[in-house]
Amino acid sequence: MRCLDALLPALCPGLSRGPGRVVELGLGSMPWTSLELSEALRRLNPELALLAVDTDPERVRLATAMGLEARTGGFGGLPRSRLIRCMNVLRQYPVDAVERAHSLLIEALEPGGVLLEGTTDKGGHHGVAWVLGAEPGLLFWTDFTRGFAPRMFQGPLPRDLWRSGRLDVLFADWTARWEASQGTPRQRFLASAPGRVLAPGVVLSPAPDPS
Ligand SMILES: C[S@@+](CC[C@H](N)C(=O)[O-])C[C@H]1O[C@@H](n2cnc3c(N)ncnc32)[C@H](O)[C@@H]1O
């Protein structure tokens, strides 16, 4: 997820300016991703405050002991935020919980704020996330640890895109361009990417049509 941390200024330009709140929803058994996010935000803009939120009080207690501002909570009732990151949380939920969760999270954004919600593979080497807010999009990223082929993104999709068919055309076109490309995984990613390439291995696609 360090790859995502480095992209935050491109995904949410407002983060660089003035005081603001960032929420990480979902800590995990150890709050490593939140600690890394906290460090990345400090480097970007020391006036940003990170709040880590989890439904599990034990995880919140641990995060607090490790120096994070953390509290128990869920999708609703979050403070006004410039950025909310919610990774690998909704994959545990039924698909019909997603729309409500997205609305609650978007409601908590300040004007111009961004919600990043999605899923990574097990090691966090590649993933797919909704970028919701003013300009909705779908972010695909890989650090190339596992090489690159478009189909690698069909596993870690945001919950509401699993088996939805909404990305069939995108993946078919992407695969055709990838098959026609040559070179290293990085070069083939660049040659076939289905949208704006933000960094090596990172592409922001327009949001797919609703189902
Ligand atoms: C798989 S971990 C993800 C940790 C981290 N975000 C990552 O990507 O590595 C999921 C975490 O989300 C928490 N969680 C589940 N539902 C939640 C909700 N509605 N609000 C906040 N946290 C939630 C779980 O307790 C767990 O700590």
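Computed from a predicted structure; not experimentally measured. (Residues numbered from 1 in each chain as written. Predicted model: local features only at pLDDT ≥ 70, side-chain atom pairs only at ≥ 80, totals over all residues. Heavy atoms only, no water.)

1. Thoughts on the site of the ligand
Move 1: Taken together, 18 residues are adjacent to the ligand, and Gly26, Asp54, Arg59, Asn88 and Tyr93 come closest.
Move 2: Measuring from a nitrogen atom of the ligand, one finds a backbone N or O atom of Gly26 at 2.8 Å.
Move 3: The contact in question runs from an oxygen atom of the ligand to an N or O atom on the side chain of Arg59, over 2.7 Å.
Move 4: Compared with its free state, where it exposes 610 Å², the ligand has 86% of that area covered by protein.
Move 5: Looking at the shell around the ligand residue by residue, the class counts come to seven nonpolar, eight polar and three charged. (Near = heavy atom within 4 Å. Polar contact = N/O pair within 3.5 Å; in protein donor to acceptor, adjacent residues only side chain to side chain. Areas by Shrake-Rupley, 256 points an atom, 1.4 Å probe, with all protein chains shown as cover. Nonpolar A, V, L, I, M, F, W, Y, C, P; charged D, E, K, R; others polar.)

2. Quick look at the sheet that holds strand β7 (residues 137-142)
Move 1: If you walk across this open sheet you meet the nine strands as β3-β2-β1-β4-β5-β6-β7-β9-β8, and the pairing is mixed. The open sheet has two free edges, formed respectively by β3 (69-72) and β8 (196-199), since each of these has just one partner strand. Along the sheet, successive strands turn relative to each other by an average axial angle of 20°, direction set aside.
Move 2: Here four bridges tie strand β2 (residues 48-54) to β3, and the two strands are oriented parallel to one another. In the strand pairing of β3, Leu51 is matched with Glu69.
Move 3: In the packing of helix α3 (residues 57-65) onto the sheet, the strands contacted are β2 and β3, and the crossing angle to β3 comes to about 170°. (Pairing = 2+ DSSP bridges. Helix = DSSP H or I, 4+ residues; strand = E, 2+ residues; numbered from the N terminus. Axes fitted to C-alpha atoms, helices over the stretch in contact; angles between N-to-C directions. Contact = heavy atoms within 4.5 Å.)

3. Some details on the packing of helix α5 (residues 168-180) against helix α6 (residues 185-192)
Move 1: Relative to each other, α5 and α6 sit at 130°, their axes nearing to 9 Å. By the angle between their directions, the pair α5 and α6 is classed as oblique. Like other packed secondary-structure pairs, α5 and α6 cross with a definite hand, here right-handed. Contacts from Trp174, Arg177, Trp178 and Glu179 of α5 reach α6 at Arg188, Phe189 and Ser192.
Move 2: Grouping the amino acids of the contact of α5 with α6 by side-chain chemistry returns three nonpolar, one polar and three charged. (Parallel < 35°, antiparallel > 145°, perpendicular 65-115°, else oblique. Left-handed = near helix turned anticlockwise from the far one by under 90°.)

4. Overview of the pattern of salt bridges
Move 1: Per the stated rule, a full pass over the model turns up nine salt bridges.
Move 2: A salt bridge links Asp5 to Arg85; the nearest nitrogen and oxygen atoms lie 2.7 Å apart. Of the two residues, Asp5 is situated in helix α1 (residues 2-11) and Arg85 in strand β4 (residues 81-87); the sequence distance between them amounts to 80 residues. With respect to burial, Asp5 and Arg85 carry one shared label: buried.
Move 3: Residue Arg61 pairs with Glu58 through a salt bridge whose shortest N-O separation is 2.7 Å. Within this pair, Arg61 and its partner Glu58 are both found in helix α3, separated by three residues, close to a single helical turn.
Move 4: Look at Glu58 and you get partly exposed, because its relative accessible area is 45%.
Move 5: Overlapping salt bridges, with partners in common, bring together Asp5, Glu24 and Arg85 in one network. (Salt bridge = Lys/Arg side-chain N within 4 Å of Asp/Glu carboxyl O. Buried < 20%, exposed > 50% of the residue type's maximum accessible area, 1.4 Å probe, protein only.)

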